[in-house]
Amino acid sequence: MTIMVPSTATAPGRQALDSALHQLGQAAEHLGLDDGLRTMLATPRRSLTVSVPVRREDGRMDVVQGFRVQHNVSRGPAKGGIRFHPSTDIHEVTALAMWMTWKCALVGIPYGGAKGGVSVDPTELTTRELERLTRRYVNEILPLIGPEKDIPAPDVGTDEQTMAWIMDTYSVNTGYSVPGVVTGKPMTLGGSLGRAGSTSRGVQIAALAALGRSPEGARVAVQGFGKVGALAAQYLADAGCRVVAVSDISGAIYSASGLDVSDVRAWVAESGGVYGYRHADALSHDELFELDVDVLVPAALEGVITAENAPRIKARLIVEGANGPTTPEADEILAANGTVIVPDILANAGGVIVSYLEWVQNMQAYSWSAAEVEMKLRDLMEGAYGEVRSLATDRALTLRQAAHVIGVGRVAEAHQMRGLYP
Ligand code: GLU
């Protein structure tokens, strides 16, 4: 038996949590929140760590660690994705849950924030092992989740199939089908039109709003050519931008005249990664960050833009498709250099917005057209962008600071209106 418990000595998620707490601290200061409320907002309401035994194909049993953190439930049920990644730990999941709270409040959807994670590399498991792992993990967190309590969704390393297994496991335990327990489901199980590309569509909407010029020919680099990054690149190219570089774990590629994004996506579907794509030059991961582009879209993991590489970033606009890609130190350096950052809780909110629309459709056993979903997504994204932009201008804040002031402020207000029980 192998016990795959991550070493707490390295605690990779600590940096993400430190960033989230730093951002909360700044917003709380700006809002003048008292110490009690600050502490309450800095700590998750519920936090569960579980051991998940998995039967491997060779008969051996492995045990991996899983987490579900509900950071806040003042404005509605907890909401947030589930991540399968080897470096996921309780600190990272807590940070991601906190960002979900502010994100939902910022875009005005009636949810609190949550996140789940399993410290595992899904690419090392067979489909059957992954299914057993998912179902057992869901069983372990079953007391926390439910359509009125806490609604998971996809995140890094999980997809529609994972959501289908979650929906089934929960429904079998309940005795009837409960589509509203999870979002990002396949269409046949109550998924929503537009959910699959929703985070990327939101990134496109945010990028075009912040660009402040015609998108025609605007040079774009996308770090992370996965679920979010590949479609964000596609939608930006469709809008007239010139996507000059993209990267994933296999490598980075560059073409000064612009990549044919649909052709790169076809290459990735065939070969598994961008590496080796013939109609472009190879680039190092570091070089991608340093390109002279108009827009840089980090769309992979946290903490990739740091004090070390921030001084060399030439992009005028950074649109955060990922959660937490920029450290607070890098934020300061970039702000001083005049780089505008559309922060994660705004830029990647399209995913949870369409999750919300999916859940509303499930709760009323009804479905909307793709055009209706897209219109509601656009309204919420553009409305939130406008509010952030004008607060930032009025109070001389960065877009991140303004977004946090709005998100944290709304949650604090909900706390104050509800009062403290008992
Ligand atoms: N995992 C996505 C995020 O970080 C989506 C969460 C959701 O739809 O609940 O925003």
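Everything numeric in this text was worked out from a predicted model, so none of it was measured. (Residues numbered from 1 in each chain as written. Predicted model: local features only at pLDDT ≥ 70, side-chain atom pairs only at ≥ 80, totals over all residues. Heavy atoms only, no water.)

(A) Molecular detail of the overall build of the protein. Tallying secondary structure elements over the protein gives 14 helices and 14 strands in all. Taken over the C-alpha trace, the protein has a radius of gyration of 21 Å; the compact-globule value for 422 residues is 22 Å, and the two agree within 12%. Counting only C-alpha atoms and orienting by the principal axes, one finds that the protein spans roughly 55 × 55 × 50 Å. Sorting the 422 residues of the protein into buried and exposed places 55% on the buried side. (Helix = DSSP H or I, 4+ residues; strand = E, 2+ residues; numbered from the N terminus. Rg over C-alpha atoms; globule rule 2.2 N^0.38 Å. Buried < 20%, exposed > 50% of the residue type's maximum accessible area, 1.4 Å probe, protein only.)

(B) Structural view of the pairing of strand 9 (residues 242-248). Along strand 9, six of the seven residues are buried, which leaves the element largely enclosed by surrounding structure. Regarding the hand of the β-α-β motif, the stretch spanning strand 8 (residues 219-223), helix 7 (residues 227-238) and strand 9 is right-handed. For strand 9 and strand 10 (residues 251-254), the ladder comprises four bridges, and the chain directions are antiparallel. What sits directly across from serine 247, in strand 10, is alanine 252. The turn linking strand 9 back onto strand 10 is made up of two residues. (Right-handed = clockwise from strand over helix to strand, strands pointing away. Pairing = 2+ DSSP bridges.)

(C) Highlighting the environment of arginine 75. Along the chain, the position of arginine 75 falls in the loop between strand 3 (61-72) and strand 4 (78-79). For the pair arginine 75 and arginine 265, spaced 190 residues apart in the sequence, the C-alpha separation amounts to 39 Å. From its side chain, arginine 75 meets the backbone oxygen of isoleucine 109 in a polar contact 2.9 Å long. (Polar contact = N/O pair within 3.5 Å; in protein donor to acceptor, adjacent residues only side chain to side chain.)

(D) Seen up close, the nonpolar core. Core analysis: the largest hydrophobic core is formed by 80 residues, its most contacted members being Val246 and Val319. A total of nine residues in this core trace back to one element, the largest contributor, which is helix 3 (residues 90-106). Not counting residues within four places of it along the chain, the set of residues in contact with valine 319 comprises Val203, Ala206, Ala207, Val295, Leu296, Val297, Pro298, Val342 and Ala347. (Core = buried A, V, L, I, M, F, W, Y, C linked by side-chain atoms within 4.5 Å. Contact = heavy atoms within 4.5 Å.)

(E) Expanded view of the environment of threonine 162. Examined against the element boundaries, threonine 162 turns out to sit in helix 5 (residues 160-174). Apart from the residues lying within four places of it in its own chain, the contact partners of threonine 162 are Phe84 and Thr134.

(F) Inspection of the confidence of the model for the protein at higher detail. Scored by pLDDT, the protein comes out at a mean of 97, with 98% of its residues at no less than 70. Ranking the elements of the protein by mean pLDDT puts strand 1 (residues 2-4) last with 48 and strand 7 (residues 150-151) first with 99. Here residues 1-8 is a poorly scored stretch, pLDDT under 50, and it has 15 contacts once near neighbours within four places are set aside; other chains count. (pLDDT = per-residue confidence, 0-100.)

(G) Quick look at the site of the ligand. With respect to spatial proximity, 14 residues lie near the ligand, and among them Lys79, Lys103, Lys115, Asp155 and Ser355 are the closest. In this structure, proline 154 approaches the ligand through a main-chain N or O atom, which is 2.9 Å from a nitrogen atom. Note that an oxygen atom of the ligand is positioned 3.2 Å from one of the side-chain N or O atoms of arginine 195. Relative to its free-state accessible area of 290 Å², the ligand is covered by the protein chains to the extent of 95%. For the shell around the ligand, the secondary-structure elements that each account for two or more residues are helix 3 and helix 12 (350-363). (Near = heavy atom within 4 Å. Areas by Shrake-Rupley, 256 points an atom, 1.4 Å probe, with all protein chains shown as cover.)

(H) The arrangement of the sheet that holds strand 11 (residues 281-283) in detail. Pairing within the open sheet is mixed, and its seven strands lie in the order 11-10-9-8-12-13-14. Edge strands, defined here as strands with exactly one partner in the open sheet, are strand 11 and strand 14 (340-342). Across this sheet, the average inter-strand angle for adjacent strands is 20 degrees, counted without regard to direction. Bridging between strand 10 and strand 11 involves three bridges; their strand directions are antiparallel. If you follow isoleucine 253 over to strand 11, its bridge partner there is alanine 282. (Axes fitted to C-alpha atoms, helices over the stretch in contact; angles between N-to-C directions.)

(I) Inspection of the packing of aromatic side chains at higher detail. With the rule as written, the count across this model stands at three aromatic pairs. Summarising the aromatic geometry, the rings of tyrosine 111 and tyrosine 356 are spaced 5.7 Å apart at their centres and angled 90 degrees between planes, so their arrangement reads as edge-to-face. With a gap of 245 residues between them, tyrosine 111 in the loop between helix 3 and strand 6 (112-118) and tyrosine 356 in helix 12 connect regions that are remote in the sequence. On the accessibility criterion, tyrosine 111 (1% relative accessible area) is buried. (Phe/Tyr/Trp six-rings, centres within 6.5 Å; stacked < 30°, edge-to-face > 60°.)

(J) Inspection of the layout of surface pockets at higher detail. Computed from the structure, the second largest pocket encloses a volume of approximately 260 Å³. Broken down by secondary-structure element, the contributors of at least two residues to the lining of the second largest pocket are helix 2 (35-42) and helix 14 (399-418). Residue classes in the lining of the second largest pocket are distributed as five nonpolar, three polar and two charged. (1 Å grid on protein atoms, 1.4 Å probe; cavity = no way out; pocket = protein on both sides within 12 Å on 5 of 7 lines; lining within 4 Å. Points joined across faces, edges and corners; volume = space filled by probe spheres on them. Nonpolar A, V, L, I, M, F, W, Y, C, P; charged D, E, K, R; others polar.)

(K) Expanded view of the pattern of salt bridges. Considering all chains together, one arrives at 31 salt bridges under this definition. Between aspartate 155 and lysine 115 there is a salt bridge, and its shortest N-O distance comes to 3.0 Å. You can see aspartate 155 sitting in the loop between strand 7 and helix 5 and its partner lysine 115 sitting in strand 6, a full 40 residues away along the chain. Lysine 115 matches aspartate 155 in its accessibility class, with the two residues each being buried. Connected via shared salt-bridge partners are Arg56, Asp58, Arg60, Asp62 and Glu129. (Salt bridge = Lys/Arg side-chain N within 4 Å of Asp/Glu carboxyl O.)

(L) Fine view of helix 7. Given a rise of 1.5 Å per residue, twelve residues ought to cover 16 Å, and the 17 Å separating the end C-alpha atoms of helix 7 matches this to within 8%. Among the residues making up helix 7, those that are buried are Gly229, Ala230, Leu231, Ala232, Ala233, Gln234, Tyr235 and Leu236. A positive backbone phi angle near 110 degrees is found at glycine 240, which sits one or two residues after helix 7. (Expected span 1.5 Å × (residues − 1).)

(M) Looking closely at the environment of alanine 95. With respect to the helices and strands, the residue alanine 95 is situated in helix 3. Separated by 212 residues in the primary sequence, alanine 95 and alanine 307 place their C-alpha atoms 20 Å from one another. Discounting residues that sit within four places of it in the chain, alanine 95 has contacts with Ala16, Leu17 and Ala20.

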